[in-house]
Amino acid sequence: MTRTPLRTALVVSALAVGLSACQSPSPRPSASPPAVSSGTTASGTTASGTTSGAVYVTGAKAGDDPCARVVSAIGYLGLSLLPAGQEEAQHWDGDVRGRFGYLRGALAMYGPHLPASAPVATVDGLAETLSRAGTAGSRRTDLLRRYRKASAAVLSACGRS
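Residues numbered from 1 in each chain as written. Predicted model: local features only at pLDDT ≥ 70, side-chain atom pairs only at ≥ 80, totals over all residues. Heavy atoms only, no water.

A. Region of the structure containing the pattern of salt bridges. Under the criterion given, the structure shown has seven salt bridges. R148 is the partner of E87 in a salt bridge, and the nearest nitrogen-oxygen pair spans 2.9 Å. Here the residue E87 occupies a position in the loop between α2 (66–78) and α3 (94–110), and R148 occupies one in helix α5 (residues 137–157), the gap between them amounting to 61 residues. Exposure remark for E87: the relative accessible area of 5% places this residue in the buried category. According to the relative accessible area criterion, R148 is partly exposed, its value standing at 22%. Residue R104 is joined to D124 by a salt bridge in which the shortest nitrogen-to-oxygen separation is 2.9 Å. Linking R104 in helix α3 with D124 in helix α4 (residues 120–131), this pair joins segments that are 20 residues apart in sequence. Here R104 falls in the partly exposed class, since its relative accessible area comes to 29%. Relative accessible area serves as the criterion here: at 22%, D124 is assigned to the partly exposed category. Each of the salt bridges in this network shares a partner with another, and the network as a whole consists of E87, E88, R145 and R148. (Salt bridge = Lys/Arg side-chain N within 4 Å of Asp/Glu carboxyl O. Helix = DSSP H or I, 4+ residues; strand = E, 2+ residues; numbered from the N terminus. Buried < 20%, exposed > 50% of the residue type's maximum accessible area, 1.4 Å probe, protein only.)

Right, dumping it as C-alpha cells:
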C-alpha cells in the first residue's frame, strides 16, 4: 500500500493535535516569587511537616476534606492495580508509577490532617519507592502487599473500608 500525501498530512495533523493535548500549559509567571517564611522550606513544607498552601493535586483546595481526597487518590491508584493476590503479575508501567506519585501528592497536602491512626508516613514511603522506575522488580511484590495493608489502615482511619 502506498502512502498518499493526503493520508500523511492527516496522520501528521492527528499526531500534532494529540501531542498538543498532552502538553500542559506553561505556568504563568507571577509578579514575584512566593515568599518563604523562616519556618517554611522552599517546597512549602513547614518544620512540623504540614504544607503551607502548596498544591500538589490538580483541583485541590486547602479546605477540601482530607479523608475524601486521600481515599479518592487511593481509589484512583487501585484502578490500575490487579486484585489482591495477583501482586506478582502486576505490571509497573508509567501509569501505575504515576498514580503512586499522585497519591504522594495527596498525602503531602492532606496527610497531616488525617486521623492520627492513619499510617500516612508508611503509605507515603511505600508509594515513594513504588513510584520509582528504578525500584527492582524483585522488591515490588512485597512492597505492594505492604502498601495494600497500610492503605487499608488509612481507609479504616477515615471510616471507609
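B. Representation of the nonpolar core. Ranked by internal contacts, the top residues of the largest apolar core, which has 31 residues, are F100, L103, L114 and Y147. Those residues in contact with Y147, other than ones at most four positions away along the chain, are I74, L77, L81, F100, L103, V123, L126 and L130. (Core = buried A, V, L, I, M, F, W, Y, C linked by side-chain atoms within 4.5 Å. Contact = heavy atoms within 4.5 Å.)

C. Geometry of α2. A rise of 1.5 Å per residue sets the reference length of α2, with its 13 residues, at 18 Å; its end C-alpha atoms lie 18 Å apart and thus fit the reference within 8%. Of all the positions in α2, only P66, C67, V70, V71, A73, I74 and L77 are classed as buried. Along the axis of α2, the buried positions cluster into a sector of 155°, meaning they face one direction only. Turning to α2, the residues buried within the fold contact α3 and α5. (Expected span 1.5 Å × (residues − 1). Arc of directions from axis to C-beta.)

D. Broad picture of the packing of aromatic side chains. With the rule as written, the count across this model stands at three aromatic pairs. Ring centres 5.2 Å apart and planes at 65° place the aromatic pair Y76 and Y102 in the edge-to-face group. Of this pair, Y76 sits in helix α2 while Y102 is found in helix α3, placing the two residues 26 residues apart along the sequence. Consider the rings of F100 and Y147, whose centres lie 5.2 Å apart with planes at 75°: the pair is edge-to-face. Remark: Y147 occurs in helix α5 and F100 occurs in helix α3; sequence separation between them is 47 residues. (Phe/Tyr/Trp six-rings, centres within 6.5 Å; stacked < 30°, edge-to-face > 60°.)

E. Representation of the side chain of R140 within the structure. With respect to the secondary-structure elements, R140 resides in helix α5. Here R140 is buried and forms no salt bridge, its nearest opposite-charge partner D93 lying at an N-O distance of 9.5 Å. Residues in contact with R140, not counting those within four places in the same chain, are W92, R97, T129, L130, R132, A133 and T135. (Lys, Arg positive; Asp, Glu negative; His and termini not counted.)

The analysis is restricted to geometry; functional conclusions fall outside its scope.
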